[in-house]
Amino acid sequence: MSGVWVFKNGVIRLVENPGADETNIGKAKRKVLVYTPSNEVITSYSHLQRHLYALGWERYYAEPNLLQFHKASTVHLISLPIDFSRFKTMHMYDIVVKNRNMFQVRDM
């Protein structure tokens, strides 16, 4: 059972595919990570790495199968797949949450 539970007018119900209608079926929107100050879409790890370094993140080499970044002033750790083609929406939101007002996830 998947979907979103919606509470409305004192009644809770499961919505199987929220936001979808007949015009959107088959047209999945791709999510992209955007560096907000320059409005630049992140298209590779080298672009992302450059911005993270500028924000005080350091590369962490503990796990060879992951690309990891650590910020010395926090307990945050960003873990990304080593292959950029496996970079998913959940990784984008992890970066956004740990770098408020610097990155956004947008529909393309």
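Residues numbered from 1 in each chain as written. Predicted model: local features only at pLDDT ≥ 70, side-chain atom pairs only at ≥ 80, totals over all residues. Heavy atoms only, no water.

Caption draft 1: Quick peek at helix H2 (residues 89-98). When H2 is considered as a whole, its buried residues turn out to be His91, Met92, Ile95, Val96 and Lys98. At its buried positions, H2 is contacted by strand E3 (31-35), helix H1 (45-54), strand E5 (57-60), strand E7 (77-81) and strand E8 (103-107). (Buried < 20%, exposed > 50% of the residue type's maximum accessible area, 1.4 Å probe, protein only. Helix = DSSP H or I, 4+ residues; strand = E, 2+ residues; numbered from the N terminus. Contact = heavy atoms within 4.5 Å.)

Caption draft 2: Broad picture of the nonpolar core. Ranked by size, the top nonpolar core spans 17 residues in total, and within it Leu33, Leu48, Leu80, Ile95 and Phe103 carry the most contacts. For this core, the elements supplying multiple residues, two or more each, are E3, H1, strand E6 (66-71), E7, H2 and E8. Residues in contact with phenylalanine 103, not counting those within four places in the same chain, are Leu33, Val34, Tyr35, Thr36, Ile42, Leu48, His51, Leu52, Leu55, Ile95 and Val96. (Core = buried A, V, L, I, M, F, W, Y, C linked by side-chain atoms within 4.5 Å.)

Caption draft 3: Structural context of the layout of surface pockets. Empty space within the largest pocket amounts to approximately 180 Å³. Lining of the largest pocket is provided by 13 residues; of these, Arg30, Lys31, Phe84, Phe87 and Met92 occupy positions nearest its centre. Those elements that place two or more of their residues in the lining of the largest pocket are E3 and H2. Ranked by the residues each element gives to the lining of the largest pocket, the list is headed by E3, at three residues. Split into classes, the residues belonging to the lining of the largest pocket amount to seven nonpolar, three polar and three charged. (1 Å grid on protein atoms, 1.4 Å probe; cavity = no way out; pocket = protein on both sides within 12 Å on 5 of 7 lines; lining within 4 Å. Points joined across faces, edges and corners; volume = space filled by probe spheres on them. Nonpolar A, V, L, I, M, F, W, Y, C, P; charged D, E, K, R; others polar.)

Caption draft 4: Examining the sheet that holds E5 more closely. Strand order in the open sheet formed by three strands is E5-E6-E7, and the pairing between neighbours is antiparallel. Two strands close off the open sheet at either side, each with one partner strand: E5 and E7. Across the sheet, the mean angle from the axis of one strand to that of its neighbour is 25 degrees, orientation sign disregarded. Pairing of E5 with E6, which is carried by four bridges, proceeds in the antiparallel orientation. (Pairing = 2+ DSSP bridges. Axes fitted to C-alpha atoms, helices over the stretch in contact; angles between N-to-C directions.)

Caption draft 5: Here's a closer look at the pattern of salt bridges. Inspection of the entire model under this criterion finds three salt bridges. Aspartate 94 is the salt-bridge partner of lysine 98, the closest N and O atoms lying 2.8 Å from each other. Linking lysine 98 with aspartate 94, this pair stays in helix H2, spanning four residues, or about one helical turn. (Salt bridge = Lys/Arg side-chain N within 4 Å of Asp/Glu carboxyl O.)

Caption draft 6: Representation of the side chain of histidine 91 within the structure. Within the secondary structure layout, histidine 91 lies in helix H2. What makes histidine 91 buried here is its relative accessible area of 12%. Those residues within four positions of histidine 91 in sequence are excluded, and the remaining contacts are Ser79, Leu80, Pro81 and Arg86.

Caption draft 7: Inspection of the pairing of E3 at higher detail. The element E3 is largely enclosed, with a buried count of four among its five residues. Bridge count for E3 against E8 is five bridges, and the pairing is antiparallel. Paired with tyrosine 35 across the strands is phenylalanine 103, a residue of E8. Sheet topology places E3 next to strand E4 (residues 40-41); two bridges connect them, and they run antiparallel. Considered in E4, the bridge of valine 34 is made with valine 41.

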